[in-house]
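# Working through the structure, step by step
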There are 2 protein chains.
Amino acid sequence: MEQNETPGARTPAPGTQRPGGRTARTRTSVLEAALAELVESGYGATRIERIAARAGVAATTVYRRWGSLENIVVDLADELAVSITLGGTGSLEDDLRTVARAVVRLNGDPAHRAWLEAMVAAAPGSPKAREALASVLAHRRDVTAAAVHAAVARGEVPPGTDGHEVIRATVAPLYLRMYITGEPVGPAEADRAAASAALAARAGLYVLAGAADGAAAPAEAG
Amino acid sequence: MEQNETPGARTPAPGTQRPGGRTARTRTSVLEAALAELVESGYGATRIERIAARAGVAATTVYRRWGSLENIVVDLADELAVSITLGGTGSLEDDLRTVARAVVRLNGDPAHRAWLEAMVAAAPGSPKAREALASVLAHRRDVTAAAVHAAVARGEVPPGTDGHEVIRATVAPLYLRMYITGEPVGPAEADRAAASAALAARAGLYVLAGAADGAAAPAEAG
């Protein structure tokens, strides 16, 4: 089955393919086929040969372009990354509940779930997958941390409260169930996680040592 | 490289190998070699051929007995599962801190970390790995939930507080960093997770609807 072709031997020179041309169409077909295979078979049983067959391209084309399933999964990040938007409810707990319920809802979308499971599975063996996963999650945290900054501004939580840490606390119990223990998650788990993170934030537990605005933070033994 | 041998063709009939005999020695050698390979190469790059070579057995022997790397990783659970013991400090937060710091310490052990990373990576593609991972973590929760029952008994947290849920809340922010985002963890993260879980427990957030002892629990929309 393997063809010991020189890598790149038949790849057109850079710039010879127009955007939106055959190369772009191949990319779209392969990524769509990969996602369908991940949903059907799961990461562990997904094979590049089946992705290629489904996309109607030669397996060597896929190997030449991506090299491995990990790299295809990483490329899917651009297609699937979603932003969670917050209404700004005026209550940190309500905002966090919006975030937590969005995480649970995304987990109910087979395509999103299959891709994120693949990222989690690929991360330990692939620094590129690890980085892409961390980057997707950090981007989500950036957006949702705005809710924490608003809560600081209206005096609901202490100055110096770390937005990323509050969001981590909110989503962590959900990710534990979804991607590690495989336990079910629903609105009840989302709401409990949001309530717990909001309570700890109000108590000042996420004012971290060395916070940027110099708020008095307890020194923690590192 | 593949040999299309009938599976089990040269396996001795059940009962013909004494415990502690060659079969047991092979098992030990293969599991030790697998762990060493996982530590050196990570789950994604670990190959059964290299495990077999390291253990000094034929690759076919390993394939016949385990079938896949996932199954070897699952078998390692028996060798590596550790119990976290609690002193019973008389304070829920102190007990939870012991649990959280133990999780962080185990993560610093290369063998334990490599194995648990492999379990997390294998779980989405292998129901057996998923079940083994869930079982290891559930067992740890059983042990540590005793600290929560003691806190209920001395009136520190409300009756009906769910021990497993308190422990999940304690370890979730650590697992998120260790196995999903790949961010570092240390004693500061452990202590913060313990403080947050203890606070939420004292506030009654882990009194779940339908708790066994019939404590008044807020009904949660499912």
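On a predicted model such as this, the values are computed, not experimentally measured, just so you know.

### Notes on the overall build of chain A
Regarding its fold elements, chain A presents nine helices and zero strands. Across chain A, helices and strands are ordered from the amino to the carboxyl terminus as α-α-α-α-α-α-α-α-α. Taken over 222 residues, chain A has a buried fraction of 50%. Accessible area of chain A: about 10,100 Å², with a carbon and sulfur share of 52%.

### Re the interface of chain B and chain A
If you look at the interface, chain B gives 39 residues, while chain A gives 39 residues. Carbon and sulfur atoms supply 62% of the area that chain B and chain A bury against each other, a total of about 3,600 Å² over both sides. Joining chain B to chain A, the criterion identifies eight salt bridges. One salt bridge connects Glu183(B) with Arg141(A), and the closest N-O pair in it is separated by 3.4 Å. Elements represented by at least two residues in the side of chain B that touches chain A include exactly helix H6 (110-122), helix H7 (127-153), helix H8 (163-181) and helix H9 (187-202) of chain B. No other element matches the twelve residues that H8(B) contributes to the side of chain B that touches chain A. When grouped by side-chain class, the residues that make up the side of chain B that touches chain A number 24 nonpolar, six polar and nine charged.

### Quick notes on helix H3 (residues 59-66) of chain A
Residue and element names in this part refer to chain A. All of the buried residues along H3 are Thr60, Val62 and Trp66. Within H3, the buried residues cover an arc of 160° as seen down the axis, which keeps them to one side. Elements in contact with the buried residues of H3: helix H1 (22-41), helix H2 (48-55) and helix H4 (69-80). Once H3 finishes, Gly67 follows within two positions and takes phi at roughly 85°, a positive value.

### What to know about the relation of the copies chain B and chain A
In the superposition of chain B on chain A (RMSD 0.0 Å, axial shift 0.0 Å), the rotation amounts to 180°. Expressed as an axis order, the relation between the two copies is that of a two-fold axis. When C-alpha positions in chain B are compared against the rotation axis, the closest is assigned to Ala121(B), at 1.9 Å. Both copies share a contact surface, since 100% of the interface residues of chain B are interface residues in chain A too.

### Some points on the packing of helix H6 (residues 110-122) of chain A against helix H8 (residues 163-181) of chain A
The relative placement of two packed helices is expressed as an angle between their axes plus a distance between the axes. Residue and element names in this part refer to chain A. Axis separation between H6 and H8 bottoms out at 10 Å; the angle between their running directions is 80°. Relative to H8, the element H6 is oriented roughly perpendicular. On H8, the residues touching Arg113, Leu116, Glu117 and Val120 of H6 are Tyr175, Met178 and Tyr179. For the contact of H6 with H8, a count of residues per class yields five nonpolar, no polar and two charged.

### Remarks on the domain arrangement of chain A
Residues and elements named next belong to chain A. If you check the domain split of chain A, you get domain 1 (4-78) and domain 2 (84-202). With centres defined by C-alpha atoms, the gap from domain 1 to domain 2 works out at 31 Å. Taken together, the ten residues of domain 1 in the interface contact 13 residues of domain 2. Summing both partners gives a buried area of about 940 Å² for domain 1 against domain 2, and 84% of it is carried by carbon and sulfur. In terms of surface lost to domain 2, no three residues of domain 1 exceed Tyr43, Val73 and Val74, which account for 42% of the buried area on that side. In this structure, the connection of domain 1 to domain 2 is made through two residue pairs in polar contact (both at pLDDT 80 or more). Elements with a minimum of two residues in the side of domain 1 that touches domain 2: H1 and H4.

### Considering the nonpolar core
Trp115(A), Tyr175(A), Ile180(A), Trp115(B), Tyr175(B) and Ile180(B) are the most contacted members of the largest nonpolar core, which has 128 residues in total. In this structure Trp115(B) touches Leu35(B), Val73(B), Leu76(B), Ala77(B), Leu80(B) and Val136(B), once residues within four positions along its chain are discounted.

### As for the side chain of Thr181(A)
Inspection of the secondary structure assignment puts Thr181(A) in helix H8. A distance of 2.7 Å separates a polar atom in the side chain of Thr181(A) from a polar atom in the side chain of Glu183(A). Those residues within four positions of Thr181(A) in sequence are excluded, and the remaining contacts are Leu176(A), Arg130(B), Ala134(B), Leu137(B) and Arg141(B).

### A closer look at the UniProt feature "DNA-binding region" (unreviewed entry) in chain A
As annotated in UniProt, the feature "DNA-binding region" (unreviewed entry) corresponds to residues 47-66 of chain A in the numbering used here. The span residues 47-66 of chain A carries 80% helix and 0% strand; its end-to-end C-alpha distance comes to 13 Å.

Calculation notes
Residues numbered from 1 in each chain as written. Chains lettered and ligands numbered in written order. Predicted model: local features only at pLDDT ≥ 70, side-chain atom pairs only at ≥ 80, totals over all residues. Heavy atoms only, no water. Helix = DSSP H or I, 4+ residues; strand = E, 2+ residues; numbered from the N terminus. Buried < 20%, exposed > 50% of the residue type's maximum accessible area, 1.4 Å probe, protein only. Areas by Shrake-Rupley, 256 points an atom, 1.4 Å probe, with all protein chains shown as cover. Contact = heavy atoms within 4.5 Å. Buried area = accessible area lost by both parts, 1.4 Å probe. Salt bridge = Lys/Arg side-chain N within 4 Å of Asp/Glu carboxyl O. Nonpolar A, V, L, I, M, F, W, Y, C, P; charged D, E, K, R; others polar. Arc of directions from axis to C-beta. Least-squares fit on C-alpha atoms with pLDDT ≥ 70 in both. Axes fitted to C-alpha atoms, helices over the stretch in contact; angles between N-to-C directions. Parallel < 35°, antiparallel > 145°, perpendicular 65-115°, else oblique. Domains from an automatic or database assignment. Polar contact = N/O pair within 3.5 Å; in protein donor to acceptor, adjacent residues only side chain to side chain. Core = buried A, V, L, I, M, F, W, Y, C linked by side-chain atoms within 4.5 Å. UniProt positions renumbered as here; feature names shortened; annotations may be inferred.

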